[in-house]
Number of protein chains: 2
Amino acid sequence: MNKIFATIITIGDELLIGQVIDTNSAFIAQELNKIGISVKQRVSIADEEEAIFTALDNAFIHSNIILITGGLGPTSDDITKPTLCKYFGGKMTMHQPTLQHVTYLFEQVFKRPMIERNVQQAMVPDVCTVLKNEVGTAPAMLFKKNNTICIAMPGVPFEMKWIMQHHVLDIIPQQFKTGIILHKTLLTAGIGESFLAELIQDWENKLPTDIKLAYLPKFGMVRLRLTGLGLNKELLAEKMQTEFEKLKTIVQEFLVIDEDLSLEVVVSNLLKQYHQTVAIAESCTGGAIASSITALPGASSVFKGGIVCYSNYAKNKLLHVPNEILNTVGAVSKETVEILATNILKNHNSHYALAVSGIMGPTGATETKPIGLVWIAVVSEKNLITKQFNFKYDRERNIQHTTVNALNMLRKLIIEENKNS
Amino acid sequence: MNKIFATIITIGDELLIGQVIDTNSAFIAQELNKIGISVKQRVSIADEEEAIFTALDNAFIHSNIILITGGLGPTSDDITKPTLCKYFGGKMTMHQPTLQHVTYLFEQVFKRPMIERNVQQAMVPDVCTVLKNEVGTAPAMLFKKNNTICIAMPGVPFEMKWIMQHHVLDIIPQQFKTGIILHKTLLTAGIGESFLAELIQDWENKLPTDIKLAYLPKFGMVRLRLTGLGLNKELLAEKMQTEFEKLKTIVQEFLVIDEDLSLEVVVSNLLKQYHQTVAIAESCTGGAIASSITALPGASSVFKGGIVCYSNYAKNKLLHVPNEILNTVGAVSKETVEILATNILKNHNSHYALAVSGIMGPTGATETKPIGLVWIAVVSEKNLITKQFNFKYDRERNIQHTTVNALNMLRKLIIEENKNS
């Protein structure tokens, strides 16, 4: 099987001044990967003829597929279309079906007068096949040269996605005999990248050559991704499953989930699965834990509520931490987080509660309580688990690491409580 | 003054399978732009020698500066370092200062045993200048070839940012005569990019050629940045100030701040300036507003606390929204947010309070309450201001837009209340 390679070219000055983060490339890369196309490189360039010519020349050297987004709009700085016309040696011509579609959009949908600029959007190179853009005015264009296909799409994300799903992902498998690419990903927490690498190195060294391993660290968690390339889907899947199971056994102690899911999704899914709820009392994270859970659709079925008891006033008034505790052992203490967790569990009538209190920095440290000191308590009707952490980072990362560890403690408790159900 | 061109190369398979969105390139491009460097292209490639060699060969053709991120970790899929060593014709050697730094990190900071892999991080090509990575174990490396400099940085965003700010952005102006670059930035809220463009187009069209305008839209706010390029600092500054004042007058109605500050910093600074505090009741934003404020150092002096009253249960139990209101006009209503704001103001004894309730989607819409419907109330002892919004985005952006508009309403109230002080 020949490996099929793709190059993604995103065009637009906004990408080069960093005004826009290039999410199109990530989406296209994901979709190509699913159908067994390996992305060789992603390039972002300016709306300039020379840059576009150079990028295309380079892409043609090692690509079977070239996907381009951007520069097809109605404004004068959008020069991709005439440039492609010149590159592929054609001339611009009016494409009647597109003109009808654009006219329809203006008359029936936008209900705005159509100006010359919009008419121009129906002009296409006579050397391309037009791919209809149902959801916008700029059509996509397919060019062929030797055995390489080059497709130019608008840069507007939802238009690009529509064209990928309705044209590109159908066309490619018809044109190329692609191999199968499979991914298996797991998430670990509580172990650093290098220690993880040490732990699994014997297994990693014995990996079959058609299976690759990638480490993806984030906020004190590490995702491990296996990527397999083959011809026979069943055989490859079996082979990967075997390796994946070995890996899971080795990292068992640190395994969060054997899917490509974030920790908050894992926790939220567990709660949904058992029809249980959580309430959260946050001091040092200031709402970060609650917002990570509530960022997920349908959060209301698992999240009862939270109290961001940032001041001692709030800790005492809303969650009844006695002032003598706040004035003796203090807000950042085992005692405080245990009372916070226990009381928010009660007053939200939830199955679980979480409480965190710590010193995130850069200010707030005392002789006995350094920056990065964090207490986390997780509680249910039956259990109360409290842990001390000492993070050594800046404020932003201390908040992230506190969030991750709190959610991981909650995850373990949910599993523990439901293990016999 | 010659134009200086840069190429950004991001290395890592995760970028090519679309598992990770490349935010490093956008940050680097923004920072280079600020010092007058034009980014010629951004390239993302795999952790493969051939790909790295090809990308470097192409970059050297038209770049004065090549910035690389990724592939410097301790694991075996990180091959950037040996590959660069080979490309620039050096041999790997132990860099003692880095070894001492890594040892220090493990002994004093991580308090974990250091293993061989970590020692390896101190090995560098003998043809590079090491740039210390204060915040991580992988050092950055500077290579020179002809008149081009090539700097390789770790891919972990906060490490890359630290190295950019502490090394790269100092080195570049020393190496290249970029001329004087000045920036003036202001932040607007409550007006879309295209309307803003419409509003300022006459002024924009008359801008001197050596002053460029950039629109930087984010979460429903638009940052306008003037970048001036010249040789005489005083003259340029004067010229820019004149244009900046004109711009401020035109956008006055939507002006948040005439500095490059985020909205939460502006709000937090206002509260500090007047020694006042805020409490926040969040339903639909689920803690996002509180966490945006508490992400800032010293938040405890302005933020008393928050309640993430996500369930009706919490709205009623903790903030005493009567059940007949929740059962009639409902949780997403003027009445509810006004009671939430008024009661959290009282029970936190703060100067101001904010309350939001809305439908973020994708679920939760009703016949009368579509996705994107949001009520926001902001209150002080003297004033209660309530507004209805109808956002039209996905869950993530609806939460962001709610956060921005809530903070902006708070900002206006703080200014109003203190205008005679």
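Cut-offs and rules
Residues numbered from 1 in each chain as written. Chains lettered and ligands numbered in written order. Predicted model: local features only at pLDDT ≥ 70, side-chain atom pairs only at ≥ 80, totals over all residues. Heavy atoms only, no water. Contact = heavy atoms within 4.5 Å. Buried area = accessible area lost by both parts, 1.4 Å probe. Salt bridge = Lys/Arg side-chain N within 4 Å of Asp/Glu carboxyl O. Polar contact = N/O pair within 3.5 Å; in protein donor to acceptor, adjacent residues only side chain to side chain. Helix = DSSP H or I, 4+ residues; strand = E, 2+ residues; numbered from the N terminus. Nonpolar A, V, L, I, M, F, W, Y, C, P; charged D, E, K, R; others polar. Pairing = 2+ DSSP bridges. Axes fitted to C-alpha atoms, helices over the stretch in contact; angles between N-to-C directions. Domains from an automatic or database assignment. Parallel < 35°, antiparallel > 145°, perpendicular 65-115°, else oblique. Left-handed = near helix turned anticlockwise from the far one by under 90°. 1 Å grid on protein atoms, 1.4 Å probe; cavity = no way out; pocket = protein on both sides within 12 Å on 5 of 7 lines; lining within 4 Å. Points joined across faces, edges and corners; volume = space filled by probe spheres on them. Buried < 20%, exposed > 50% of the residue type's maximum accessible area, 1.4 Å probe, protein only. Phe/Tyr/Trp six-rings, centres within 6.5 Å; stacked < 30°, edge-to-face > 60°. Lys NZ or Arg CZ within 6 Å of the ring centre and 35° of its normal.

Moving on, we get to the interface of chain B and chain A. Counting from both sides, the interface comprises 77 residues of chain B and, opposite them, 74 residues of chain A. Roughly 6000 Å² is buried in total at the junction of chain B and chain A, and carbon and sulfur atoms are behind 55% of that figure. It is Ile17, Gln19 and Arg42 of chain B in chain B that bury the most area against chain A; as a group they hold 11% of the surface buried on that side. The partner of Asp13 of chain B in a salt bridge is Lys212 of chain A, and the shortest N-O contact between them spans 3.0 Å. Along the contact surface separating chain B from chain A lie 26 residue pairs in polar contact (both at pLDDT 80 or more). Here the side of chain B that touches chain A takes 7 residues from strand E2 (residues 38-45) of chain B, the largest share from any one element. Among the residues forming the side of chain B that touches chain A, the class breakdown is 36 nonpolar, 25 polar and 16 charged. Pairing of strand E14 (residues 303-308) of chain A with strand E14 (residues 303-308) of chain B, which is carried by 3 bridges, proceeds in the antiparallel orientation.

Attention now goes to the sheet that holds strand E15 (residues 352-358) of chain B. Taken in spatial order, the 10 strands line up as E17(A)-E16(A)-E15(A)-E13(A)-E14(A)-E14(B)-E13(B)-E15(B)-E16(B)-E17(B) in an open sheet, and their pairing is mixed. For this open sheet the edge positions go to strand E17 (384-390) of chain A together with strand E17 (384-390) of chain B, each flanked by a neighbour on one side alone. Averaged over all pairs of adjacent strands, the angle between strand axes in this sheet comes to 10°, irrespective of strand direction.

Each assigned domain of chain A is listed with its residue range as follows: domain 1 (5-175), domain 2 (180-257) and domain 3 (263-418). If you average the C-alpha positions of domain 1 of chain A and of domain 3 of chain A, the two centres end up 48 Å apart.

Moving on to the packing of helix H10 (residues 263-273) of chain A against helix H15 (residues 395-418) of chain A. All names here are of chain A. In the contact formed by H10 and H15, the axes pass within 10 Å of each other and the chain directions differ by 30°. In terms of orientation, H10 lies roughly parallel with respect to H15. The two elements H10 and H15 meet at a crossing, and its hand is left-handed. In this structure, H10 uses Leu263, Glu264, Val266, Val267, Leu270 and Leu271 to contact H15, whose residues at the interface are Val404, Leu407, Asn408, Leu410, Arg411, Ile414 and Ile415.

Let us now look at empty space enclosed by the protein. Any space left empty among the atoms is revealed by the rolling of a water-sized probe across them. Counted by the stated rule, this structure contains 2 cavities of 30 Å³ or more. A volume near 60 Å³ is recorded for the largest cavity. The set of elements that each furnish at least two residues to the lining of the largest cavity consists of strand E2 (38-45) and helix H3 (49-62) of chain A together with E2 and helix H3 (49-62) of chain B. Classifying every residue of the lining of the largest cavity gives 4 nonpolar, 4 polar and no charged. Empty space within the second largest cavity amounts to approximately 40 Å³. Taken together, Asp22, Arg42, Val43 and Ser44 of chain A together with Asp22, Ser25, Arg42, Val43 and Ser44 of chain B make up the lining of the second largest cavity. Of the residues that constitute the lining of the second largest cavity, the class distribution is 2 nonpolar, 3 polar and 4 charged.

It is worth spelling out the environment of Val332 of chain A at this point. Residue and element names in this part refer to chain A. Turning to its location among the elements, Val332 is positioned in the loop between helix H13 (323-327) and helix H14 (334-348). For Val332, a relative accessible area of 10% corresponds to the buried category. Between the C-alpha atoms of Val332 and Leu373, which are 41 residues apart in sequence, the distance is 7.9 Å. The contact partners of Val332, leaving out residues within four places of it in the chain, are Ser357, Gly358, Ile359, Lys369, Leu373 and Trp375.

This next bit is on the packing of aromatic side chains. Counted according to the given criterion, the structure contains 15 aromatic pairs over all chains. Relative to Tyr87 of chain B, the ring of Phe60 of chain B has its centre 6.1 Å away and its plane inclined at 15°; by these criteria the two rings are stacked. Taken as a pair, Phe60 of chain B in helix H3 and Tyr87 of chain B in helix H4 (residues 80-87) lie far apart in primary sequence, 27 residues in all. Grouped by ring-pair contacts, the aromatic residues Phe53, Phe60, Tyr87, Phe88 and Phe143 of chain A constitute a single cluster. Over the ring of Phe5 of chain A we find Lys40 of chain A, and its NZ or CZ is 4.6 Å from the ring centre.

Quick look at the pairing of strand E10 (residues 211-218) of chain B now. All names here are of chain B. Judged from the 8 bridges that link them, E10 and strand E11 (residues 221-230) form a sheet pairing that is antiparallel. What sits directly across from Lys218, in E11, is Met221. A loop of 2 residues connects E10 with E11, the two strands running antiparallel in sequence, and Phe219 in this loop sits at a positive phi of about 50°.

A few words now on the pattern of salt bridges. Think of it this way: side chains of opposite charge can pair up when their charged atoms draw near. Applying the stated criterion across every chain, the model contains 29 salt bridges over all chains. For Lys246 of chain B, the salt bridge goes to Glu243 of chain B, with nearest N and O atoms at 3.1 Å. Placement of the pair is Lys246 of chain B and Glu243 of chain B together in helix H9 (residues 233-251), with a separation of 3 residues, close to one helical turn. Its salt-bridge partner being Lys248 of chain B, residue Asp258 of chain B comes within 2.8 Å of it at the nearest N-O pair. Of this pair, Asp258 of chain B sits in the loop between strand E12 (255-257) and helix H10 (263-273) while Lys248 of chain B sits in helix H9, and the two are 10 residues apart along the sequence. Note on Asp258 of chain B: relative accessible area 29%, which makes it partly exposed. Here Lys248 of chain B falls in the buried class, since its relative accessible area comes to 17%. Salt bridges here are not isolated pairs; linked through shared partners, they connect Glu245, Lys248 and Asp258 of chain A.

As a further point, take the side chain of Thr80 of chain A. All names here are of chain A. In this structure, Thr80 sits in helix H4 (residues 80-87). For Thr80, the side chain forms a polar contact with the main-chain oxygen of Gly70, separated by 3.2 Å. Not counting residues up to four positions away in its chain, the partners in contact with Thr80 are Ile11, Asp47, Ile52, Ile68, Gly70, Gly71 and Leu72.

Attention now moves to the side chain of Ser38 of chain A. Note on placement: Ser38 of chain A falls in strand E2. Residues within four places of Ser38 of chain A in sequence aside, it is in contact with Lys3, Ile4, Phe5, Ala6 and Ile181 of chain A.

Let's shift gears to unusual backbone geometry. Cis peptide bonds are those with omega within 30 degrees of zero, and the linkage from Gly361 of chain A to Pro362 of chain A qualifies with -5°. Mapped onto the elements of the fold, Pro362 of chain A is located in the loop between strand E15 (352-358) and strand E16 (373-380). Non-glycine residue His320 of chain A carries a positive phi angle of around 55°. For His320 of chain A, the location among the structural elements is in the loop between helix H12 (312-319) and H13. Note on His320 of chain A: relative accessible area 51%, which makes it exposed. Even without being glycine, Lys111 of chain B reaches a positive phi, approximately 50°. Considering the arrangement of structural elements, one finds Lys111 of chain B in the loop between helix H5 (96-110) and helix H6 (116-120).

So, on to the sheet that holds E10 of chain B. Strand pairing in a sheet takes place through backbone hydrogen bonds and is either antiparallel or parallel in direction. Residues and elements named next belong to chain B. The strand order across the open sheet built from 4 strands is E10-E11-E9-E12, with neighbouring strands paired in antiparallel fashion. In the strand order of this sheet, the two ends are held by E10 and E12, each with one partner. Sheet twist, expressed as the average angle between the axes of neighbouring strands with direction ignored, equals 30°. Running at roughly 10° to strand E9 (residues 180-189), H9 makes contact with E9, E10, E11 and E12 of the sheet.

Moving on, we get to the environment of Asp258 of chain B. Taking the C-alpha atoms as reference points, Asp258 of chain B and Thr188 of chain B, 70 residues apart in sequence, are found 8.9 Å from one another. Ignoring any residue separated from it by four or fewer positions in sequence, one finds Asp258 of chain B in contact with Thr185, Leu186, Phe244 and Lys248 of chain B.

What follows concerns the pairing of E9 of chain B. All names here are of chain B. Most of E9 sits out of view: 7 of its 10 residues are buried. Pairing of E9 with E11, which is carried by 10 bridges, proceeds in the antiparallel orientation. Among the inter-strand pairings, Ile180 is bridged to a residue of E11, identified as Gly230. Of the pairings in the sheet, the one linking E9 to E12 comprises 2 bridges and is antiparallel in character. Residue pairing for E12: Leu187 is matched across the bridge by Ile257.

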